[in-house]
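Coordinates in review
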Amino acid sequence: MDTRVSALISAMTLEEKTAQLYGVWAGASDQGGEVAPHQHDMEEPVDLDALLPAGLGQLTRPFGTAPVDPALGALSLVRTQRRIASANRFGIPALAHEECLAGFAAWKATAYPVPLSWGATFDPGLIRRMAAAIGADMRSVGVHQGLAPVLDVVRDARWGRVEETIGEDPYLVGTLATAYIQGLESAGIVATLKHFAGYSASRAGRNLAPVAMGPRERADVVLVPFEMAVRESGARSVMHAYTDTDGVPSAADEPLLTGLLRDTWGFDGTVVADYFGIAFLKTLHGVAGSWADAAATALRAGVDVELPTVKTFGAPLREAVATGRVPEELVDRAVRRVLTQKAQLGLLDADWSPVPPALEGADLGDPAALRGTVDLDAPANRELAARIADQAIVLLANDGTLPLTPSPTSPPTSSPNRPRTIALVGPNADEPTAVLGCYSFPVHVGTQHPGTPAGTELPTLREALEREFPTARIVTARGADVDGDDTSGIAEAVRLARDADVVIAALGDRAGLFGRGTSGEGCDADSLALPGVQQELLDALLDSGTPVITALLAGRPYALGRAVEEAAAIVQAFFPGVAGTAALAGVLSGRINPSGRLPVSVPRTPGAQPSTYLAARLAQATEVSSIDPTAAFPFGHGLSYTTFSWSDLTVTHDETGTDGDFALAFTVRNTGGRHGTEVVQLYLHDPVASVVQPVQRLIGYARVTLAPGESRRLEVTVPADLASFTGRDGRRVVEPGELELRLAASSADPRLVARVRLTGAARYVDHTRRLHAHIGPAQASPSTGRRISST
């Protein structure tokens with residue numbers, strides 16, 4: 001492969017080399033014809049006839065630009081790839097990429113739960129399966145690269161893209177993102193880690209705003225998931241972040257993109273630009289005076305591919321080479337990475353065919369016969385989406401009203417637990433897209449085509465409740481919009497509430513882009529109060545005298561005011577996808593025993609941001625500030641319809657050197673009356689360190705499913721490496737001293753605590769350190785050691 005790539009590069013002109021370093025944004029044809037360049041207001045349109053003789057590196061979102069029948073989109077891509085390969089003298093096709101943040105972002109493809117829901121599952125294996133299914137669908141129609149997952153750690157929940165993240169803890173983000181990448185790559189799709197690095201830490205949660213963080217926060221919080229993914233996932237691409245950190249844009253950060261990513265971590269794939277990110281070096285960051293300067297800066301830093309279309313890596317880059325600002329060796333470096341990846345994908349093989357698996361054996365000369373023959377929303381996909389949604393719903397509070405039991409037809413009376421009349425109130429009560437995030441196709445693209453159906457079945461919450469409670473009378477009122485200040489519908493909503501046995505308040509977000517929603521890219525919030533007048537609606541329902549179940553379909557956590565104490569129950573769903581309303585209804589009825597846990601804290605007050613559980617002592621409630629950032633519901637929190645006891649903690653190794661391991665064992669028992677899943681969370685607390693540490697941080701977790709009365713003995717092994725942090729000299733160190741290992745049901749609910757000690761000299765570790773604790777079933781022979789009572 002190296003020989004083939006080297007031979008190609010040596011035979012290429014500079015123009016042919018640079019042609020491999022950019023994409024063209026092109027939409028597939030719904031008639032099966034060749035793609036057409038996408039017209040957008042960020043750039044002038046491109047001339048494919050002029051570009052293609054030199055070759056083309058990538059095709060940007062052929063399926064994700066307009067509603068296109070999947071089979072005809074695949075045919076369109078086939079014809080376009082033939083045109084691209086035949087137009088250049090080496091016969092090199094383009095690499096096609098698509099978005100796949102919550103499923104393949106194509107018309108009629110399954111819309112899975114958003115990444116914040118992945119975080120709520122605490123289930124890497126399930127997320128790996130989902131990604132493999134997404135990758136198989138993409139590969140079947142000729143796509144090669146997916147622009148996912150997002151590894152940004154939530155630092156400020158006001159940021160609009162919180163829904164795209166996995167959570168506020170770097171270990172949770174790293175493990176689930178790594179699983180997603182493994183699944184996508186197992187299907188032959190190039191996964192793209194984004195956004196490298198620091199995008200989610202922008203000031204005041206504003207999209208693209210500057211990032212102000214020190215090197216220690218960057219190393220110990222922001223970079224941790226990327227490091228894990230590079231080491232363990234097999235990811236073949238990384239996307240730079242838009243933002244600048246301490247004045248240095250990521251696209252211009254050579255120590256980050258080359259020094260750390262490649263020289264230290266050993267990454268050997270491609271670094272691609274976030275859309276228009278290289279041009280932003282000139283237009284937004286002001287660190288380049290011309291397009292040629294922008295191209296030179298990004299290429300030198302380590303960016304290999306300009307997306308979504310050509311602006312700087314074409315003629316401006318060639319100009320920079322001609323004038324000596326960029327050595328041609330840097331162009332060759334990037335081209336080698338791009339061509340190596342194309343070779344890995346089989347695009348340079350002599351027998352390469354543009355026909356993807358979904359069209360093999362089909363009559364490509366009859367587009368009409370192809371329409372409807374490719375299914376990207378198969379029953380197996382929807383079943384998998386349903387399982388994720390089932391595990392992602394989080395029961396935050398419950399006074400005993402839940403679960404609701406479908407009321408029989410014979411008794412003349414009813415109660416909140418057996419409601420005959422349910423008042424379903426709120427802006428998300430009867431809204432099909434309330435379960436979708438901003439990168440799902442119906443929201444991301446479909447809103448620009450109002451006459452086109454969504455392409456996938458999206459049952460509303462009303463429809464799901466009617467199926468779940470067939471004997472109940474369900475009355476609905478919108479009450480208020482998601483945003484806006486119209487309160488005229490609240491009185492009708494309250495009237496329905498007073499006449500019902502129970503109220504379900506369906507509140508939350510509307511996903512959108514750049515201000516067209518309340519959650520999503522460019523939809524940042526100035527506070528974490530419920531959007532619009534939803535809090536006013538919720539308070540009025542609480543005053544109705546009827547028990548209120550608050551059901552949230554949202555992209556970020558919100559402060560809920562009085563409802564935290566006064567609601568009969570609170571159920572949180574983070575845009576749970578096509579099966580989301582069925583999962584929510586199942587939790588309400590008790591058909592599903594909830595097992596989701598919060599991947600982000602739910603604030604008590606709307607204005608205490610930025611705040612996450614991963615905070616030092618002075619970032620928490622103190623006597624010297626009038627602002628209390630204590631969460632209403634903490635990271636890791638979630639209730640069940642059964643109960644669990646934790647007991648019999650033993651510590652077989654409570655003292656070890658800074659290069660050793662701690663060993664613990666404990667028992668979890670289901671003490672309730674039905675099957676349930678406990679999510680065991682392991683936190684590390686370092687009481688004394690040479691630099692300020694968060695009070696605690698997650699270092700391990702496990703889902704434990706038990707039948708009523710069943711118990712399981714679990715063993716825990718904790719490498720000393722997990723106590724490491726970035727010290728004063730910038731090196732990662734394991735320091736001797738006392739630690740606490742907290743086995744907990746949430747970050748605020750430790751059940752068992754082991755006090756242990758690291759001995760010996762301080763030990764420096766690097767990117768080869770161990771990253772995981774082990775939590776698993778105990779071996780047959782019982783462990784012996786010091787027994788510790790519950791704390």
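In this text, all values refer to a predicted model and were calculated from it rather than measured experimentally. (Residues numbered from 1 in each chain as written. Predicted model: local features only at pLDDT ≥ 70, side-chain atom pairs only at ≥ 80, totals over all residues. Heavy atoms only, no water.)

1. Details of the overall build of the chain
This is how the line gets drawn: Only DSSP runs of H or I covering at least 4 residues are called helices, and only runs of E covering at least 2 are called strands; the numbering of each starts at the N terminus. Each radius of gyration is computed over the set of C-alpha atoms, and the globule rule expresses the reference value as 2.2 Å times the number of residues to the power 0.38. For every residue, the accessible area (1.4 Å probe, protein chains only) is compared with the maximum for its type, and the residue is labelled buried under 20%, exposed over 50%, or partly exposed between those bounds.
Per the secondary structure count, the chain includes 22 helices and 31 strands. Whereas a compact globule of 791 residues would reach a radius of gyration of roughly 28 Å, the chain reaches 27 Å, a difference of no more than 12%. C-alpha atoms of the chain, sized along the principal axes, occupy 80 × 70 × 55 Å. Put simply, the chain has 791 residues, and 63% of those count as buried.

2. Brief notes about the nonpolar core
Soluble globular proteins: nonpolar side chains tend toward being buried together. Quick reminder of the rule: We define the nonpolar core as a collection of buried residues of types Ala, Val, Leu, Ile, Met, Phe, Trp, Tyr and Cys that are connected through side-chain atoms lying within 4.5 Å of one another. Note on contacts: a residue pair is in contact if any heavy atoms of the two residues lie within 4.5 Å.
By size, the foremost hydrophobic cluster in this structure holds 229 residues, and its most contacted members are F104, Y180 and F196. Among the elements that line this core, the one with the most residues is helix α7 (residues 170–186), at eight residues. Not counting residues within four places of it along the chain, the set of residues in contact with Y180 comprises C100, W118, I127, M130, A131, I134, A148 and P149.

3. A word on the side chain of N207
Tracing the backbone shows N207 in the loop between β6 (190–196) and α8 (215–222). Here N207 is in contact with W159, R161, Y199, F514, E521, G522 and D524, once residues within four sequence places are set aside.

4. Things to note about helix α14 (residues 328–344)
We count it as follows: Expected helix span is given by 1.5 Å per residue-to-residue step, counting one fewer step than there are residues.
The terminal C-alpha atoms of α14 lie 24 Å apart, and with 17 residues this matches the ideal 24 Å at 1.5 Å per residue to within 8%. Within α14, burial applies to L330, V331, A334, V335, R337, V338, L339, T340, Q341, K342 and A343. G346 sits one or two positions beyond α14 and adopts a positive phi of about 85°.

5. Regarding the state of the cysteines
As a reminder of what qualifies: The disulfide definition used here is simple: a pair of cysteine sulfur atoms within 2.5 Å.
In total, this model carries zero disulfides according to the counting rule given. The thiol of C100 is not disulfide-bonded; the next cysteine sulfur, from C438, is found 14 Å away. No disulfide involves C523; its sulfur sits 7.2 Å from that of C438, the nearest cysteine. Owing to a relative accessible area of 3%, C523 belongs among the buried residues under this scheme.

6. Regarding the packing of aromatic side chains
The description of two aromatic rings rests on the distance between their centres and on the angle between their planes. Selection criterion: Two aromatic rings, drawn from Phe, Tyr or Trp (for Trp, its six-membered ring), form a pair once their centres lie within 6.5 Å of each other, and the interplanar angle then sorts them: stacked below 30 degrees, edge-to-face above 60, tilted otherwise. Geometrically, a charge over a ring is one whose NZ (Lys) or CZ (Arg) sits within 6 Å of the ring centre while staying within 35 degrees of the ring normal.
For the structure shown, the criterion picks out 14 aromatic pairs. Taking 5.7 Å as the distance between ring centres and 20° as the angle between the ring planes, the aromatic pair formed by W646 and F666 counts as stacked. In this pair, W646 sits in strand β19 (residues 644–653) while F666 sits in strand β21 (residues 661–670), placing the two residues 20 residues apart along the sequence. With respect to class, W646 is no different from F666; both count as buried. One aromatic cluster is present, built from ring pairs that chain together F122, Y171, Y613, F635, Y683 and Y701. Here K108 stacks its cationic end above the ring of W107, 4.6 Å away from the centre of that ring. The ring centre of Y764 lies 3.6 Å from the NZ or CZ of R731, which sits over that ring.

7. Overview of the sheet that holds strand β28 (residues 750–759)
Operational definition: Whether two strands pair comes down to DSSP finding at least two bridges between them. Under this scheme, a helix contributes an axis fitted over its contacting stretch, all axes are lines through C-alpha atoms, and angles between N-to-C directions fall in the 0 to 180 degree range.
Across the sheet, which stays open at both edges, the five strands sit in the order β20-β28-β27-β22-β23 with mixed pairing between neighbours. Two strands lie at the open edges of the sheet, namely β20 (655–657) and β23 (697–706), each paired on one side alone. Strand-to-strand twist in this sheet, taken as the mean axis angle between neighbours without regard to direction, amounts to 25°. Relative to strand β27 (residues 737–744), strand β22 (residues 676–685) runs antiparallel, the two being bridged by five bridges. Directly across from Q681, in β27, lies its bridge partner A744.

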